[in-house]
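Overview (structure and organization)
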Amino acid sequence: MKRIRVGIIGQGRSGRNIHRHLFETQEALKARFEVVAVADYIPERCEIEDVTPSPDFRKYSDYKEMLKDSGIELIVNATRSMDHIPVSIEAMEAGHNVVCEKPLARHVADVDKVAEAARRTGKFFAVFQQSRFRPLFRKSLEVMNSGILGRIVMVKIAYNGFGRRWDWQTIQDMCAGELLNTGPHPLDQAIQFYGDADPEQIICTMDRANSFGDAEDHIKLLLIGKGHPTIDFEVSRCCMFPGNTYEIYGTNGGLKASGAEVTWKYFLPSEAPVQHLVREPLEGPGRLPVYCGEKLHFYEEKWTAPDYALGFDSWGTKYYEQVYDALVNGKPMEVTLDQVRRQIMIIEECHRQNPFPKMK
């Protein structure tokens, strides 16, 4: 099996603890990829104990020097968020295929710039949206699309928790804030629940609650359009009692999902009593008023994720397996740049509706 030679720019929490960790610990990826170079201006971050590097492995303090190595076939751009667009374009222009960390950008115009660079250079470009492969999400979407819940009226998505934050990812000018930090994962999923179209209405309110920077850390978002379920989306760092990650409301039943478990309940229309609209007040025995009431038989099913304990490693492995098939076998990626563009369009509109003053 061909092994793709990889260089990783940035050895912070993403470059070191996610991407390099995946390539060097997951057997399916070790057979497909080989990390031959890393770049970070902090040399200690380039070292990892208990890992035998490739014989060709090199460490760089300046990623620009790494980009001169024509033997590197795939660059992972794990720089800080505000550098994702310029460094990705620079890497493609240097002749490399690129996987870029999220968030790709804050503005649609920047997504278009990187898409144009990919077309112009003919290089592969993708955004690391590994949560698309979260089993809890995929099962919820599968049940929704099966039709068993009837017409889908609303989908709730909540990626909530409680915590204060004071690092660079709370600063607007660094392409940060919770909508750009955490939001790309559930927003990518929200777009799949909504369907293949731009929302007709985007309604968003944001707040800065537990952040020490100038960016938001509490987001409430609605995506609305005819023929599509309403998407009720939350990301908050001031939620002490988080509930279900996903909830689906349908005309024949509903679904809830959190942790490793998906539960859905539904009735079968073919088994339901036949009802007709009655314009006069309903009456019971003795002509006493009554409320609508019927007995529906509800079926309940449950599903538990088989690889829940693997968590992020499982999702990231499945993502990079698709990257490998795209580079070696020409297969299309499930996460497309057009879908990422729609995500950034929504993020940009949320910020337009909620302008926050910037720190001086």
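Here the structure is shown first, and the text comes after it.
Summarised in this report is the structure supplied together with it. (Residues numbered from 1 in each chain as written. Predicted model: local features only at pLDDT ≥ 70, side-chain atom pairs only at ≥ 80, totals over all residues. Heavy atoms only, no water.)

All right, on to a nonpolar patch on the surface then. A cluster of nonpolar side chains, F162, M240 and F241, forms an exposed patch at the surface whose accessible area comes to about 410 Å². As for its position among the elements, F162 is in the loop between β7 (152–160) and α7 (178–181). (Patch = residues over 30% accessible without salt bridge, like charges linked within 9 Å, V, L, I, M, F, W, Y side chains within 5 Å. Areas by Shrake-Rupley, 256 points an atom, 1.4 Å probe, with all protein chains shown as cover. Salt bridge = Lys/Arg side-chain N within 4 Å of Asp/Glu carboxyl O. Helix = DSSP H or I, 4+ residues; strand = E, 2+ residues; numbered from the N terminus.)

This next bit is on the state of the cysteines. Overall, the coordinates contain 0 disulfides when judged by the stated rule. C46 forms no disulfide, and the closest cysteine sulfur to it belongs to C100, at a distance of 19 Å. Classification of C46 by relative accessible area gives buried; the value is 3%. C175 supplies the cysteine sulfur nearest to C100, a cysteine that is in no disulfide, at a spacing of 9.9 Å. (Disulfide = S-S within 2.5 Å. Buried < 20%, exposed > 50% of the residue type's maximum accessible area, 1.4 Å probe, protein only.)

Turning our attention to empty space enclosed by the protein. Any empty space left between the atoms is revealed when a probe the size of a water molecule rolls over them. One pass over the full model with this rule turns up 1 cavity of 30 Å³ or more. Considering only enclosed or pocket space, the largest cavity measures out at about 40 Å³ in volume. Considering the residues around the largest cavity, the lining is formed by R165, Q169, T170, G177, E178, N181, S211, A215, E216, D217 and R237. (1 Å grid on protein atoms, 1.4 Å probe; cavity = no way out; pocket = protein on both sides within 12 Å on 5 of 7 lines; lining within 4 Å. Points joined across faces, edges and corners; volume = space filled by probe spheres on them.)

Attention now goes to the nonpolar core. By size, the foremost hydrophobic cluster in this structure holds 67 residues, and its most contacted members are L104, F125, F193, L221, I231 and F233. By size, the runner-up hydrophobic cluster in this structure holds 25 residues, among which are L22, F57, A126 and A326. (Core = buried A, V, L, I, M, F, W, Y, C linked by side-chain atoms within 4.5 Å.)

So, about the pairing of strand β4 (residues 74–77). Neither face of β4 is left uncovered, since the one carrying L74 and V76 and the one carrying I75 and N77 both have all their residues buried. Of the pairings in the sheet, the one linking strand β1 (residues 4–9) to β4 comprises 4 bridges and is parallel in character. Within β4, the residue paired with I8 across the bridge is V76. The pairing of β4 with strand β5 (residues 97–100) spans 4 bridges and is parallel. Its bridge partner lying in β5, V76 is registered against V99. (Pairing = 2+ DSSP bridges.)

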